[in-house]
Every structure is written in C-alpha cells, then in structure tokens.
Amino acid sequence: MLPIIMVVMDGASGRIGAERSPLETASTPNLDILTRRGSMGRMFTVGEGIAPESDAGVFSLLGYDPLETHLSRGVVEALGAGVEFRDGDLALRAGFATVKGDKLVDRRAGRNLSTPEAQKLGVTLNKEVRLKSGVRFVFKPTVGHRAVVVFRADGHRFSSNISNFDPAYVRKGNISLAQPGVKEYDIPKCEPLDDSDEAVVSAALVNEFGFKARSILDNHPVNETRRRKAMVPANFVLMRDAGTSKPHVQGFHAKWGLDPLMMADLPAELGIGRLLGMDVRELEPGTGLHDYRKRAELVLDSVGRFGFVYVHLKGPDEPGHDGLFDLKKERIEEIDKGFFSVLVKSARLSGLVVAVTCDHSTPVEDKGHSDDPVPVLVLGGKTKPEGSSRFTERDAVKGSLGTLEKGKMLLDRLRQVAS
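In this report, the structure presented in the accompanying data block is examined.

Looking only at helices and strands, the protein has 14 helices and 16 strands in total. Its C-alpha radius of gyration of 21 Å places the protein within 12% of the 22 Å reference for a compact globule of 419 residues. Each of the three principal axes of the protein carries a C-alpha extent, and together these read 65 × 45 × 35 Å. Here the protein holds 419 residues, and 60% of them are scored as buried. When contacts within the protein are restricted to residue pairs at least 6 apart in sequence, long-range pairs at least 24 apart make up 76% of them. For the protein, the accessible surface area stands at approximately 16,300 Å², while carbon and sulfur atoms represent 48% of it. In the protein, the 58 positive side-chain charges and the 57 negative ones have mean positions that sit 3 Å from each other.

A separate point is the pairing of strand β8 (residues 175-178). The side chains of a regular strand alternate, residue by residue, between the two faces of the sheet. Of the two faces of β8, the one lined by I175 and L177 and the one lined by S176 and A178 are each fully buried. Taking the residues between adjacent antiparallel strands as the criterion, strand β7 (residues 169-172) and β8 are bridged by 2 residues, where G173 takes a positive phi near 65°.

Turning to its location among the elements, D372 is positioned in the loop between β14 (353-357) and β15 (374-379). Judged by relative accessible area, D372 falls into the buried class, the value being 18%. At 2.5 Å, the side chain of D372 forms a polar contact with the side chain of S370. Sequence-distant contacts of D372, defined by excluding residues within four places in its chain, comprise G14, R15, S361 and P363.

Let us look at the sheet that holds β15. Strand order across the open sheet formed by 8 strands is β12-β11-β13-β1-β14-β15-β2-β16, with mixed pairing between neighbours. The outermost strands of the open sheet, each flanked by one partner alone, are β12 (279-282) and β16 (403-404). As judged from the 2 bridges shared by strand β2 (residues 39-43) and β16, these two strands associate in the parallel manner. Bridge pairing in β16 links R42 to T403. Packed on one face of the sheet, helix α10 (residues 289-302) meets β1 (4-9), β11 (260-264), β12 and β13 (308-313) and runs near 175° to β13. Seen against the sheet, helix α12 (residues 325-345) touches β1, β13 and β14 and runs at an angle of roughly 175° to β1.

What follows covers helix α9 (residues 267-275). By the criterion of burial, α9 is predominantly enclosed, with 8 of the 9 residues buried. Residues P267, A268, E269, L270, G271, I272, G273 and L275 constitute the buried set of α9. Looking at the packing, one finds that the buried side of α9 touches α3 (54-61), α4 (73-81), β11, β12 and β13. Remark: G277 follows α9 within two positions and exhibits a positive phi of approximately 75°.

Reading the values: rules and limits
Residues numbered from 1 in each chain as written. Predicted model: local features only at pLDDT ≥ 70, side-chain atom pairs only at ≥ 80, totals over all residues. Heavy atoms only, no water. Helix = DSSP H or I, 4+ residues; strand = E, 2+ residues; numbered from the N terminus. Rg over C-alpha atoms; globule rule 2.2 N^0.38 Å. Buried < 20%, exposed > 50% of the residue type's maximum accessible area, 1.4 Å probe, protein only. Contact = heavy atoms within 4.5 Å. Areas by Shrake-Rupley, 256 points an atom, 1.4 Å probe, with all protein chains shown as cover. Lys, Arg positive; Asp, Glu negative; His and termini not counted. Charge placed at Lys NZ, Arg CZ, Asp CG, Glu CD. Pairing = 2+ DSSP bridges. Polar contact = N/O pair within 3.5 Å; in protein donor to acceptor, adjacent residues only side chain to side chain. Axes fitted to C-alpha atoms, helices over the stretch in contact; angles between N-to-C directions.

Here is the structure:
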C-alpha cells in the first residue's frame, strides 16, 4: 500500500455565494498543479447541518465519529498540553477573553495576547485563585490566548454534563456546535444540564473560577501594560467542552492498519494524536513561508517510516474568525508558496497518495465555523485526473468524488486508492 499524506488547511474553506471566497480569490499555482493531477469532491466533516469545532472535525477526518464518542475538547487539550489528567478530574478547554461591564466584548483578548503574557497571567491564577470547596486545579496557558484547566477530583465527584462557559459554542449531545460570531455577548454562566449533584457542583465550580479569575486578572500588571498600549485586557477566562474521562476508542493503527504520524502545533490536534496512539511531532507555532516549507520537508522526510501522515496547517482559520478576507486569502497563498511549492517539486510525490482538505469551513461573513461542506482533493495511487483546475468550493461541487456525508468516510476511500 502506498503511503498516505493528509494535508488539512484549518478553516480555509468558506461559502459559495455571489462573491468569490478567499479560497477562490487566492493565487495558488502549486495547489492548482496538484488539483489537475487528481479528483475533487466535497465533504461534511462531521455531518450535514453541523458546524463543528476543530477537534470534532479532526477526529472525523481520522476515521472516527464524534457524534458517537464523547471526545471532550477539555480532555483532549489537557493531553495535548501535557497536563496530567486522571479519570474523574474535570478538564475544560479555556481561553483568555475581554469583558467590559456586563458584556463579553472579545472572546480572544484581541487575538494579540502573546504566549509569554498568557504564561504570566497563568502563574498568577494558579497562585491566587482559591476555591471555596478547596478543589485543586491546574491552569495552563498553551499558545496565545488559549489555555486548559483541570480541576482535580481528590475525592470530589464531577460531571461533564454542564453547559459551556462560552456563548460561541453550544453543547449538543457529544459535541459543541459553533454559533455565528457576534460583536458582543452577555457574560456567560455555566449551567448544569441535568439535576444531579455532580452537575450542579461542577457548574458552580466553573462559575466560581471564572468570576474569581476576573477579579484577579483585571488589574494585573500585564493588563495594565496592555491598556497603556491601547490593547484590550485579557481579564476573563472562557471555558468549554468539559470532560471527566478519557474516551475509550480503538487506536489508529489497530483500526486502519497504518503506522500513523500526527504533525501539528496546537493542543487539540496533538491531544487527539496521543489519544489514538499516533506518533506525534509537535511543531513550533508559525504561519510564514519558512514555517510552511519546514512542515512540507518534515512530511516528505517521514515517508517510508510511516504509512499515514496527518499535517495540520492552522493559518487560514484565525482571519476567518476575525472576518478578515484579505488576510485569510494571504494565509492561503502563504501555504501555497511555502508548503505546496515543496510538495509539488518532490520526486517522492509519485509514490504517494495525497489528500488535501479542511477540518471545517470558516466563512469570513460568519466570523466562525459553519456547516458548509469543505473541498476534498485526492491524487496519486488509483486516482485518475478528472479535469478540475482549482481547489475551491465551486470546483468541489463538480468533482467526480461527489459529496461525502461524513469526514470519517474519507480514510476508507484513501486506503482503497492507495492499495
């Protein structure tokens, strides 16, 4: 079987409309060459009508169904961030945000909080937040505004059946659904989703931590400095996707018979890789040409040692969330000039099956994830060129691969092409 490379451009896809999307507008000569060599289609990464978070999208692309398995972004990010997690603990994905009065005005603290700034805020929270119940916790900043918090069980009983302390993502069954982005929200409150004592206690714990964090962060020296620089303060902590146990899932190799490598730079993807027993290569965060070239070289160097390589390219998603059309277009072009320029020139390409896709769509008009299907390109192996010329939302509609109802179907297709 030929080695399989899956390249995931985070949130690069948008929506088909009267105006061209950033993906359609971007100049992508290298990706165009690959597209002409393969077949196009489109795919609902989790399912039609579902606007997934990244973790659900990635889990599905790796051949699993997040609708059937409570993955828990909190647990996954704890694993990805290297925070000890034991079954019974309560883990949540966290993030620094900005509040003013009774309004949440920026969910990502301006998206310019540096990792060193976040680490200083984290040190203070770990030192100064004292919870009435005496529950211990670990709060760990990861990259930029992102963080994870794990409340230790130590005899306490928690429940993951609580609402998100983040209004942009609403719990529905085993997953959270992204909501359309708005300018500001009411300050959130975590609610129990059943009447058990454990859910009531867990929701109260999240609320207590959130509001105590605000009182500590608001006048922190980091935020005083940010205000002097006309930057919004990181004076609040959002939390979502609670989990109290590691999901019990079949390992990737056992499920697919392929030796897998995960290459990513953020805890969600890294945590999923570790959960599935994949070899994990943690990359330094970056979106410039040098960073993308380095990623492509690492992917090609791994061929022969791994039967399946997943590489996650974060760049286009953030400007999609911020509604920045031109910047999202620029990030897509950087991936083409950096990553795909290396791939298309490699002599190794002829001996590979390559899939290019997205974990979800992030239309700039929504400023958030949407339920729009994403493009899929497959080349190599038994794939025959079909005449598609560009990797875009519109070309995907006309492609011979058709529409995959769920992302978990993609890997089976790739194994057939590679065999």
